[in-house]
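Spelled out, the chains give:
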Amino acid sequence: MWFIPGVKLTYFGHASFLVESGDYKVLFDPFIRPNPLAAGVDIGSLKPDAILLSHGHEDHVADAVEIARASGALVVANWEVVQWLAAQGLTNVHPMNHGGARNFPFGRVKMVNAIHSSTLPGNAPGGNPAGFVVTMGGSSFYYSGDTALTMDMKLIAEEFRLDFAVLCIGDNFTMGAADAARAAVFAGATKAVGVHYDTFPPIEIVKGDAFAAFEAAGVSLLLPAIGETVEL
Ligand code: NI
Ligand code: MN
């Protein structure tokens, strides 16, 4: 095949984004209504086929139940987060855990390691935090979730040829831009979308510094505006 279609990624602020490939839309870590910066985004318009949740923190799951109810989307998350979703009445859910991979109608998902924490809203146990490597259509990408830089990211480069990575860059609670640039290199991505920055004062960044850190690592960084769609 000489033409491999890419994917479209739309950013909704914080670590929330939608990836579209062919007929499928997959939404990640929806935190939209509580984010004043994302006030222009109407969650009712998203209509994803699936929602992937990296961990239990409020700033990743806030709108998951509402969007899943409205759209009927399948929600994929770790075992404990899925129990929490099921307790709220969601039935179209699928639990995974680290190291596991599975084929879904929209593509293949492997749940990979992240170094972080994962308590759910209301203090329910949220299991362990994760990242995902997703293959949709002809594209493979890594979403780090919230994480520190970890040598485990090198395992991703051994197994996959990534088209891009979506990496947290806000520092303080997760990798900052310098470590995220190293994460891109570890995982084998030459293109990265930065997320998890500027939402709250502790994760405000200087964008010029982030671009410089990625450029020094030979990785091109994209920071789409909230609501912006980029082709990857
Ligand atoms: Ni978190
Ligand atoms: Mn977070």
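Predicted model only: the values in this text are computed from it and were never measured.

## What to know about the packing of aromatic side chains
Next up, step 1: Counted according to the given criterion, the structure contains seven aromatic pairs.
Next up, step 2: The interplanar angle of 75° and the centroid separation of 5.7 Å between the aromatic rings of Phe28 and Tyr143 together place this pair among those described as edge-to-face. Here Tyr143 lies in strand S10 (residues 139-143) and Phe28 lies in strand S3 (residues 24-28), a separation of 115 residues in the sequence.
Next up, step 3: Judged by its relative accessible area of 0%, Phe28 is buried.
Next up, step 4: An aromatic cluster of three or more residues is present, and its members are Phe17, Phe28, Phe141, Tyr143 and Phe164.
Next up, step 5: The residue whose ring lies beneath Arg102 is Phe104, and the NZ or CZ to ring-centre distance is 5.8 Å.
Next up, step 6: One Lys or Arg, Lys154, reaches over the ring of Phe186 and ends 4.6 Å from the middle of that ring.

## Details of the pairing of S10
Next up, step 1: S10 sits mainly inside the fold: five of its five residues count as buried.
Next up, step 2: Residues Ser139, Phe141 and Tyr143 of S10 are buried on one face, and the alternating residues Ser140 and Tyr142, pointing to the opposite face, are buried as well.
Next up, step 3: A loop of two residues connects strand S9 (residues 130-136) with S10, the two strands running antiparallel in sequence, and Gly137 in this loop sits at a positive phi of about 60°.
Next up, step 4: Bridge count between S10 and strand S11 (residues 164-168): three bridges; the pairing is parallel. By the bridge assignment, Tyr143 is partnered in S11 with Val166.
Next up, step 5: Once the chain exits S10 it traverses helix H4 (residues 153-159) before rejoining the sheet at S11, and the crossover so formed is right-handed.

## Some remarks on the coordination of the nickel ion (ligand 1)
Next up, step 1: Within the protein, the atoms that donate to the nickel ion (ligand 1) are His55 (NE2), His57 (ND1), His116 (NE2) and Asp146 (OD), at distances of 2.2 to 2.3 Å.
Next up, step 2: Around the nickel ion (ligand 1), the four donor atoms sit at angles spanning 88 to 176°, and that spread fits a shape best called irregular.
Next up, step 3: Between the nickel ion (ligand 1) and the manganese ion (ligand 2) the interatomic distance amounts to 3.0 Å, and Asp146 serves as a bridging ligand to the pair. Pair noted here: His55 is in the loop between strand S4 (50-52) and helix H1 (58-61) and His116 is in the loop between strand S8 (107-113) and S9, with a separation of 61 residues, a long-range link.
Next up, step 4: With relative accessibility at 1%, the residue His55 sits in the buried group.
Next up, step 5: Owing to a relative accessible area of 24%, His116 belongs among the partly exposed residues under this scheme.

## Overview of the environment of Leu149
Next up, step 1: Here Leu149 is to be found in the loop between S10 and H4.
Next up, step 2: Through-space distance from the C-alpha of Leu149 to that of Ser117 is 14 Å; in sequence the pair is 32 residues apart.
Next up, step 3: Contact partners of Leu149, with chain neighbours within four places excluded, come to Met175, Asp179, Arg182, Ala183 and Phe186.

## A word on the confidence of the model for the protein chain
Next up, step 1: In this model, the protein chain carries an average pLDDT of 97, and 98% of its residues clear a pLDDT of 70 or more.
Next up, step 2: Averaged over each element, pLDDT in the protein chain is lowest for strand S14 (residues 229-231) (96) and highest for S4 (99).

## A word on the sheet that holds S9
Next up, step 1: Ordered in space as S7-S8-S9-S10-S11-S12-S13, the seven strands form an open sheet in which the pairing is mixed. Every other strand in the sheet has two partners, leaving strand S7 (101-104) and strand S13 (220-222) as the edge strands with one partner each. Direction aside, the axes of adjacent strands within the sheet are offset by 20° on average.
Next up, step 2: The pairing of S8 with S9 spans six bridges and is antiparallel. Residue pairing for S9: Val109 is matched across the bridge by Val134.

## Points about the packing of helix H5 (residues 177-187) against helix H6 (residues 207-216)
For any two helices packed against each other, one specifies the crossing angle of their axes together with the interaxial distance.
Next up, step 1: In the contact formed by H5 and H6, the axes pass within 8 Å of each other and the chain directions differ by 30°. What the angle tells us is that H5 and H6 run roughly parallel. For the pair H5 and H6, the sense of crossing is right-handed. For the pair formed by H5 and H6, the contact residues are Ala177, Ala178, Ala180 and Ala181 on the first element and Ala210, Ala213 and Phe214 on the second.
Next up, step 2: Among the residues making up the contact of H5 with H6, the classes are represented as seven nonpolar, no polar and no charged.

About the criteria used
- Residues numbered from 1 in each chain as written.
- Chains lettered and ligands numbered in written order.
- Predicted model: local features only at pLDDT ≥ 70, side-chain atom pairs only at ≥ 80, totals over all residues.
- Heavy atoms only, no water.
- Phe/Tyr/Trp six-rings, centres within 6.5 Å; stacked < 30°, edge-to-face > 60°.
- Helix = DSSP H or I, 4+ residues; strand = E, 2+ residues; numbered from the N terminus.
- Buried < 20%, exposed > 50% of the residue type's maximum accessible area, 1.4 Å probe, protein only.
- Lys NZ or Arg CZ within 6 Å of the ring centre and 35° of its normal.
- Pairing = 2+ DSSP bridges.
- Right-handed = clockwise from strand over helix to strand, strands pointing away.
- Donors = N, O, S within 2.8 Å, 3.2 Å for Na, K, Ca; no water.
- Tetrahedral: all angles 85-135°; square planar, octahedral: opposite > 155°, others 65-115°.
- Contact = heavy atoms within 4.5 Å.
- pLDDT = per-residue confidence, 0-100.
- Axes fitted to C-alpha atoms, helices over the stretch in contact; angles between N-to-C directions.
- Parallel < 35°, antiparallel > 145°, perpendicular 65-115°, else oblique.
- Left-handed = near helix turned anticlockwise from the far one by under 90°.
- Nonpolar A, V, L, I, M, F, W, Y, C, P; charged D, E, K, R; others polar.

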